[in-house]
Amino acid sequence: LGRRFPGLGLRFDHLGKPEPHLFVAAARRLQLAPDRLVMIGDQLETDVAGARAAGVATALLAGVSRWDPAHPIAPTWLLDSL
């Protein structure tokens, strides 16, 4: 949109994961500090990265992503199943 309508100051706001504001908003809605929450997800680049950026602990559920100790994004816990 910025290219189509130059000069209007339009910008794109990322709304989905891995943006940390989603996790911060969830903590606020639950009236809990982010460090009191756990995000259970199956993707490192979205679920785990977003939660970690917001200060939320993470549990990676086996499935889509496989964690490797050399990977820069590390979950707090690894789960084989729920």
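Along each chain, numbering runs from 1 in the same order as the chain's sequence is written. Confidence filtering applies because this is a predicted model: local features only for residues at pLDDT of at least 70, side-chain atom pairs given and counted only at 80 or more, and all residues used for totals across whole chains, interfaces and linings. Water and hydrogen atoms were dropped before computing side-chain values, which therefore reflect all heavy atoms in the structure.

Visitor: Explain unusual backbone geometry to me, please; I cannot follow it from the model alone.
Guide: Glycine aside, a negative phi is what most residues show, and trans is what most peptide bonds show. Notably, Gln31 is not glycine yet its phi reads approximately 60°, a positive angle. Within the secondary structure, Gln31 is located in the loop between α1 (21–30) and β1 (38–41). Note on classification: 1.4 Å probe, protein chains only; a residue is buried when its accessible area is under 20% of the maximum for its type, exposed when over 50%, partly exposed between these limits. We classify Gln31 as exposed; its relative accessible area is 73%. Helix and strand labels come from DSSP, where a helix needs a run of H or I of at least four residues and a strand needs a run of E of at least two; each type is numbered from the N terminus.

Visitor: When you look at the pairing of β1 in this model, what are you seeing that I'm missing?
Guide: Two faces make up the sheet, and in a regular strand the side chains alternate between them. Burial of β1 is one-sided: the residues Met39 and Gly41 facing one way are buried, the residues Val38 and Ile40 facing the other way are not. Any two strands with at least two DSSP bridges between them are considered paired. The sheet contact formed by β1 and strand β2 (residues 57–61) spans four bridges and is parallel. Residue pairing in the sheet places Met39 in a bridge with Thr58 of β2. Throughout, right-handed denotes a crossover for which the path from the first strand over the helix to the second runs clockwise when the strands point away from the viewer. Handedness of the β-α-β unit built from β1, helix α2 (residues 44–53) and β2 comes out right-handed.

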